[in-house]
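Single-letter residue listing:
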2 protein chains.
Amino acid sequence: MTIQTRRERERAERERLIVTAARELAEAEGWGAVTTRRLAHRIEYSQPVLYSHFKGKGAIMAAVAVQGCADFAAEMRAARTGAGSARETLAAVGGAYTTFARRHPALYDAMFTLAVDLPFATPEAPAALREAFGELLQAVRPIVAEGEDTGLLTETYWAGLHGLVTLMRSGRLPEEAHEQRLALLIGHLVPPGTN
Amino acid sequence: MTIQTRRERERAERERLIVTAARELAEAEGWGAVTTRRLAHRIEYSQPVLYSHFKGKGAIMAAVAVQGCADFAAEMRAARTGAGSARETLAAVGGAYTTFARRHPALYDAMFTLAVDLPFATPEAPAALREAFGELLQAVRPIVAEGEDTGLLTETYWAGLHGLVTLMRSGRLPEEAHEQRLALLIGHLVPPGTN
DNA sequence: GATGATTTCTAGCAACGCTAGATACCAGAG
DNA sequence: CTCTGGTATCTAGCGTTGCTAGAAATCATC
């Protein structure tokens, strides 16, 4: 019994090691630099070991994405609970969103741009993912107008943030006016007469 | 003289052939299926010929992107000139935007998501690109409120559309409520009391 | 028809994700 | 302590990718 559990523990530890190494490598040099060979060398094992833990490179990226979502949700939660009015809350969460995306581009890509096969808009979506969306949702709820759907408005806000971030990061939008664009988006989402 | 011009003409024709083949292949099977070998085989030349025309695969994709931008701008222009009120115009252009993105995913990716080294938010940006942005800009201009910058609001609208399209296409947002989200975005951009 | 430049192709490099088959390891039985 | 069976790991290699050097073929000109 003990021998079995020790092995399982070591296996789990190595799996965490793989995900951490992939994350560090990606954050340091981008996903293009994350190859199975480099990853294997980094964890001091051979390539096939990776495939005994994950179905492929995509699954490793998905694991990194889930881990990233947890951090992401935590940062948004902190921003949300530290804010005052409804408008301030929406701005704080939006700011946390774009700040995270700019500080952790590789993580953000794994979560929201690259093709990783993670279930998203379904109940089977990973908890961290639903939690991150939940933070956005709670920030949006107070500013939902009569006859509007909270979920849909949250998705629309998300899309706005995502668009701003990705277009800016790929050089399609200039960096400098980012804060003004973000303010415009938020200003137009908040109904007139809201505190 | 004539012999030189004939060669240049043939060269230009072959270059168009390459771009067209790349575009067709990408639209039919996605950019993942566009390899230099398949492309070369399709135009009935060997691979190195591609590199005598373009610096690499990225440059070919950039050429396809520019061509796509021209079509894109034309469709948005048609939608814009066919609409009535300011609100209708904004909605028509937004609809044309998302429709194009959904109908030509590969083209859209080359233009707005994949990393192609094209100058964007600068005067050196390709004409087709600036023209496409100009269509958006003209649709936005009538609804710009006092104290707002037209360019910045256009960029924000663009970001919203881009976010909706990319999140939906990657499975992060469910397809079915797309029209409602688009309506929400437009409804919040148009100032109250606008026709 | 020979010559010299230009164009095009053949063949190959290094790197990629991934995997089959060989090898090393190690817990438990005699 | 030795042997055995099963597991864990590695070596080696497949097929593919973007890209390129050097050989071969083509063609205008003398």
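What counts and how
- Residues numbered from 1 in each chain as written.
- Chains lettered and ligands numbered in written order.
- Predicted model: local features only at pLDDT ≥ 70, side-chain atom pairs only at ≥ 80, totals over all residues.
- Heavy atoms only, no water.
- Helix = DSSP H or I, 4+ residues; strand = E, 2+ residues; numbered from the N terminus.
- Contact = heavy atoms within 4.5 Å.
- Axes fitted to C-alpha atoms, helices over the stretch in contact; angles between N-to-C directions.
- Parallel < 35°, antiparallel > 145°, perpendicular 65-115°, else oblique.
- Nonpolar A, V, L, I, M, F, W, Y, C, P; charged D, E, K, R; others polar.
- Buried < 20%, exposed > 50% of the residue type's maximum accessible area, 1.4 Å probe, protein only.
- Near = heavy atom within 4 Å.
- Polar contact = N/O pair within 3.5 Å; in protein donor to acceptor, adjacent residues only side chain to side chain.
- Buried area = accessible area lost by both parts, 1.4 Å probe.
- Salt bridge = Lys/Arg side-chain N within 4 Å of Asp/Glu carboxyl O.
- Phe/Tyr/Trp six-rings, centres within 6.5 Å; stacked < 30°, edge-to-face > 60°.

Colleague: What is the right way to read the environment of B:L153 from this model?
Modeller: Relative to the helices and strands, B:L153 resides in helix α8 (residues 150-169). Taking the C-alpha atoms as reference points, B:L153 and B:L189, 36 residues apart in sequence, are found 8.7 Å from one another. Those residues within four positions of B:L153 in sequence are excluded, and the remaining contacts are A:L184, A:H188, B:V140, B:I143, B:V144, B:E148 and B:L189.

Colleague: What's the story with the packing of helix α5 (residues 86-103) of chain A against helix α6 (residues 105-113) of chain A in this structure? I'm lost.
Modeller: Each packed pair of helices is defined by two parameters, the angle between the axes and the distance between the axes. All names here are of chain A. For the pair α5 and α6, interaxial distance at closest approach is 5 Å and the crossing angle is 110 degrees. Between α5 and α6, the interaxial angle falls into the category roughly perpendicular. Two secondary-structure elements touch here, α5 through Y97, F100, A101, R102 and R103 and α6 through P105, L107, Y108, M111 and F112. When grouped by side-chain class, the residues that make up the contact of α5 with α6 number 8 nonpolar, no polar and 2 charged.

Colleague: What am I meant to see in unusual backbone geometry here?
Modeller: With the exception of glycine, most residues fall at negative phi, and the peptide bonds are largely trans. Backbone geometry places A:E44, a non-glycine residue, at a positive phi of 60 degrees. Judged by its relative accessible area of 71%, A:E44 falls in the exposed class.

Colleague: Is there a simple way to explain the protein's contact with DNA strand C in this structure?
Modeller: What surrounds DNA strand C is a group of 16 residues, the closest being A:T35, A:T36, A:Y51, A:K57 and B:S46. Protein-proximal atoms of DNA strand C, defined as those within 4 Å of the protein, fall in sugar or phosphate at a share of 57%. Between A:Q47 and DNA strand C, the recorded distance is 3.0 Å, taken from a side-chain N or O atom to a base nitrogen. Between a base oxygen of DNA strand C and a side-chain N or O atom of B:R37, the distance comes to 3.5 Å. Of all the secondary-structure elements, those providing two or more residues to the surface near DNA strand C are α2 (36-42) and α3 (47-53) of chain A together with α3 (47-53) of chain B. The dominant element in the surface near DNA strand C, judged by the number of residues it contributes, is α3(A), at 3 residues. Class assignment for the residues of the surface near DNA strand C results in 7 nonpolar, 5 polar and 4 charged.

Colleague: How should the interface of chain B and chain A be read in this particular structure?
Modeller: Accessible area lost when the parts come together is the quantity often used to give the size of an interface. With 33 residues of chain B in contact, the opposing surface of chain A contributes 34 residues. Both faces considered, chain B and chain A share a buried interface measuring about 2800 Å² in area, 69% of it formed by carbon and sulfur atoms. Among the salt bridges present, the one from A:R181 reaches B:E155, with a minimum N-O distance of 2.8 Å. Inspection of the region where chain B meets chain A yields 12 residue pairs in polar contact (both at pLDDT 80 or more). The element that contributes the greatest number of residues to the side of chain B that touches chain A is α8(B), accounting for 12 residues. Classifying every residue of the side of chain B that touches chain A gives 20 nonpolar, 9 polar and 4 charged.

Colleague: How do you make sense of the packing of aromatic side chains when you look at a structure like this?
Modeller: Here the distance between the centres and the angle between the planes together describe a pair of aromatic rings. In this structure the tally under the stated criterion is 16 aromatic pairs over all chains. Between A:F112 and A:W158, the aromatic rings sit 5.4 Å apart at their centres with planes inclined by 65 degrees, giving edge-to-face as the arrangement. Of the two residues, A:F112 is situated in helix α6 and A:W158 in helix α8 (residues 150-169); the sequence distance between them amounts to 46 residues. Residue A:F112 shares its accessibility class with A:W158, and that shared class is buried. With a centroid separation of 6.4 Å and an interplanar angle of 5 degrees, the aromatic rings of B:Y97 and B:F112 are classed as stacked. Note that B:Y97 is positioned in helix α5 (residues 86-103) and B:F112 in helix α6 (residues 105-113), a separation of 15 residues in sequence. By relative accessible area, B:Y97 is classed as buried at 1%. Judged by its relative accessible area of 6%, B:F112 is buried.

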